[in-house]
Amino acid sequence: MNSDNIPLMFQAQIPGRCQPHLVKDKQTQGEDWKNQWTQPYCSQQSTVSSSVSSSVSSSPKKQQNTSSHSSKKTKKPAKTTTAFAQAFAQAGLVNSETQSDSSPKVNASEFLLKPPHFNKVGDKIKTFCYRVRWRLVTNSGQDDSFIRPIIGTKGYPYFPGSSMKGAFRRACTKEQAKNYCGYETVEDGIKKAMPGVLRFHGGYPTDNRWTESLLDLVHSQQDKQVKKDEKTNAHSMISLYQVTMEFGISTTDSEKTDWKEVEEIWDRAVAHGLGSRTSAGYGQFEKVNQDASVKPNQSLFPESHVLVKVGLKGQGIASTLLEKGQNLDGEKLSEFRPNMFKAALRGHTLRLFGGITDTATAEYLTQLLWGGFKKGYKGREALWDKGKNAIAGLLGVDFSCQPSDLILSEQVYKPDARNPNFTRSTPVYNLKQGELRIVSMHLPEKVSQSDLEKVAKALIQFTMLFGGFGNSWRRIDHRQFYHSNYTKSNPTIGCHWEFTSGFEGFYLPVNDLSEIGQFINEVQQILRQWAKSQIDQLPTGKASSWREAWYRHQSELHSGVQVWGRIATGKNSLAVKWFHQNFNGGNSIKKTVLTGEMGKTGRIWHRMYPHYEQNSQGQLISTGEFIELLTIFPLKQKKVIQLGEASQQPEDPQSEASQIEKFFNFLPNSEFSRIW
């Protein structure tokens, strides 16, 4: 049998075969995998009886638009898609009949359109409905490099009952856990399992909308940005996007079951998140009422676990997913991704710890806060960390906003002035207001909640002072702080974030620029004290080999960080011009290692931070202006020496190293002053 006729779902991931991250014909095999899985369900939704021959191609350049005014032709079916649908028919899952073209015809009258449902006759199974606020990941663990969901009855994605029980047990008191989930006892020296009265039947989507926006993106850039600028690749995975899930629970003893109490416990369990990556915002739910109503983005997370709560507004570049959309041009889908908040906070945590302790300990302390794997850490471990390798982080993020407060759109620009009809676009977001909560995922006895609150608040304030969240966070938003002609012919750059009304107290009041340096010292001290509370003999040293470890720059080391600042007038940015034009006469740092370029991460952060001052009564007052900040990580300079010669090779005055040296000589004579 030709392996090409076997659906990717059933192929082993070996070199040269079933590589979901492989781009082939401008499309990843991950998209092929998704199309082969969902095609029978999508076909049922669109027509009463649909031939597999009208399916989406295995490798289309653009996915077919289903609107009535589309003129695109239907692609030929992929062999694997046909084989996948036929496998359903041969398994007796759907009826099929042979047409003159010998392609199977799927009958939509019965099987696939009806999701799996629980038997509610006589109230044998109680069901509870919740809607995923963003995305849900249930990793089947069947592949090494491709995260795909657990698949249950009828080929539907499934949340297993065993995972339900684990989440339920963690939300119980000891007595509740014994009654509902069971316990272990010893009789005559023999261990014996005593089952609880509840049975957990798992959860299924309530309709076929689970087939939409399945292909997710994993693109970790922490090491690239913090440690060493090396190429990283985006990987695809499958996650369920904003689906409604129905979970089933039954009992073997109704007298020992208080269903109101069971529902309260299950609500608490769901509030902490289900599935994988919950600390990054995945697996968060909102409850669906009996009348099918729901309060959009209403967090279930208990207030007692919320360490810090802030209101945010911002705009920037939206993320582009790997999956092609259904619009007329077949453009890829864009998305506002709440996991960007954890990515930014975790990255800054690593930078800050890298400035107060050695490399291995900085990584371990970051994992204690945000989760991860020890990777052979052999230092003095935290007293509460009992895991052999995996670490369940103490902190998580929980973000919510009303749908009307988040606008996704396209910034259209014309890159070729000679051809005004030729346009391109960049996906952008505009968040009018949202709420970010830093939550305690768990709280060991050896960890102080008040200390965690200090750490969480310091990290938020630090992140907002020096940058923002999401794509291009190192740059100011060019739509706000650079001339409009730039974004007419170029894609937008940067982002801009502020605290919303009522949360101005999180701003750092700056009556004098030296107060920013004092704040940096305070943040370092907060993290140093927390680190010492976890590791009683904190190793000294710094992660000096990292490109962005946060310690004071020393010229003889050519590493560390410098912070420069000025009080801007209104929205007038001085430094933004230096990224695009000459900074002094004919000198330029454009497209150098300092400013970076496509595919290369620069060594300068640029931020326009809202300027607040503190009056004599201690109140924060907005000046309506901005503090312009440059955060610079000077690189290690390399001198070129001719072997066998005593003299040094003369340096080209227009070389990159020479231009960078001139920039550092120029900066103290500009309007900027060094803060730290």
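The text that follows walks through the structure, step by step, so that each part is easy to find. (Residues numbered from 1 in each chain as written. Predicted model: local features only at pLDDT ≥ 70, side-chain atom pairs only at ≥ 80, totals over all residues. Heavy atoms only, no water.)

Below, the discussion takes up the pairing of strand β27 (residues 620-632). As paired elements, strand β25 (residues 562-568) and β27 share 7 bridges and run antiparallel to each other. Following the sheet pairing, R566 is matched in β27 by E628. Here 10 bridges tie strand β26 (residues 604-614) to β27, and the two strands are oriented antiparallel to one another. Following the sheet pairing, Q614 is matched in β27 by L620. Counted along the chain from β26 to the antiparallel partner β27, the turn is 5 residues long, and its residue G618 has a positive phi close to 85°. (Pairing = 2+ DSSP bridges. Helix = DSSP H or I, 4+ residues; strand = E, 2+ residues; numbered from the N terminus.)

With 10 bridges connecting them, strand β16 (residues 306-317) and strand β23 (residues 424-440) associate as antiparallel partners. Paired with V306 across the strands is V439, a residue of β23. Here 8 bridges tie strand β22 (residues 406-413) to β23, and the two strands are oriented antiparallel to one another. Looking at the pairing, Q411 lines up with T426 of β23.

Core analysis: the largest hydrophobic core is formed by 79 residues, its most contacted members being F466, W497, I516 and W550. Here the element with the most residues in this core is helix α9 (residues 449-466); it accounts for 10 residues. (Core = buried A, V, L, I, M, F, W, Y, C linked by side-chain atoms within 4.5 Å. Buried < 20%, exposed > 50% of the residue type's maximum accessible area, 1.4 Å probe, protein only.)

Read across the sheet, 4 strands follow the order β10-β14-β6-β15 without closing on themselves; strand pairing throughout is antiparallel. A strand with exactly one partner marks an edge of an open sheet, and here the two such strands are β10 (198-205) and β15 (285-287). Pairs of neighbouring strands in the sheet enclose a mean axial angle of 30°, with direction left out of account. With 3 bridges joining them, strand β6 (residues 125-132) and β15 adopt antiparallel strand pairing. Residue pairing for β15: R131 is matched across the bridge by E286. The strands that helix α3 (residues 161-170) touches are β10 and β14 (244-251); relative to β10, the one it contacts most, it runs at about 115°. (Axes fitted to C-alpha atoms, helices over the stretch in contact; angles between N-to-C directions. Contact = heavy atoms within 4.5 Å.)

Applying the stated criterion across every chain yields a total of 44 aromatic pairs. Relative to Y377, the ring of Y364 lies with its centre 4.3 Å away and its plane at 10°, an arrangement referred to as stacked. In this pair, Y364 is assigned in helix α8 (residues 359-370) and Y377 in the loop between β19 (372-373) and β20 (390-391), connecting sequence segments 13 residues apart. Consider the rings of W578 and F666, whose centres lie 5.4 Å apart with planes at 80°: the pair is edge-to-face. Placement of the pair is W578 in the loop between β25 and β26 and F666 in helix α13 (residues 656-666), with a sequence separation of 88 residues. Just as W578 is buried, F666 falls in that class too. Here the aromatic cluster, defined as three or more aromatic residues joined through ring pairs, consists of F462, F466, W473, W550, W605, F633 and W676. Stacked on the ring of Y551, the Lys or Arg K542 has its end atom at 5.8 Å from the ring centre. (Phe/Tyr/Trp six-rings, centres within 6.5 Å; stacked < 30°, edge-to-face > 60°. Lys NZ or Arg CZ within 6 Å of the ring centre and 35° of its normal.)

How two helices pack is summed up by the angle between their axes together with the distance between the axes. Where α3 meets helix α6 (residues 259-271), the axes come as close as 8 Å, and the angle between the chain directions of the two elements is 100°. Relative to α6, the element α3 is oriented roughly perpendicular. Where α3 abuts α6, its residues M164, A167 and F168 lie against V262, I265, W266 and A269. The residue makeup of the contact of α3 with α6, split by class, is 7 nonpolar, no polar and no charged. (Parallel < 35°, antiparallel > 145°, perpendicular 65-115°, else oblique. Nonpolar A, V, L, I, M, F, W, Y, C, P; charged D, E, K, R; others polar.)

Interaxial distance between α9 and helix α12 (residues 514-534) falls to 10 Å at its minimum, and their mutual angle equals 145°. At the point where α9 passes α12, the crossing takes the left-handed sense. Packed against α9, whose contacting residues are D451, L452, K454, V455, A458, L459, Q461, F462, L465 and F466, the element α12 presents I516, F519, I520, V523, I526, L527 and W530 at the interface. Split into classes, the residues belonging to the contact of α9 with α12 amount to 14 nonpolar, 1 polar and 2 charged. (Left-handed = near helix turned anticlockwise from the far one by under 90°.)

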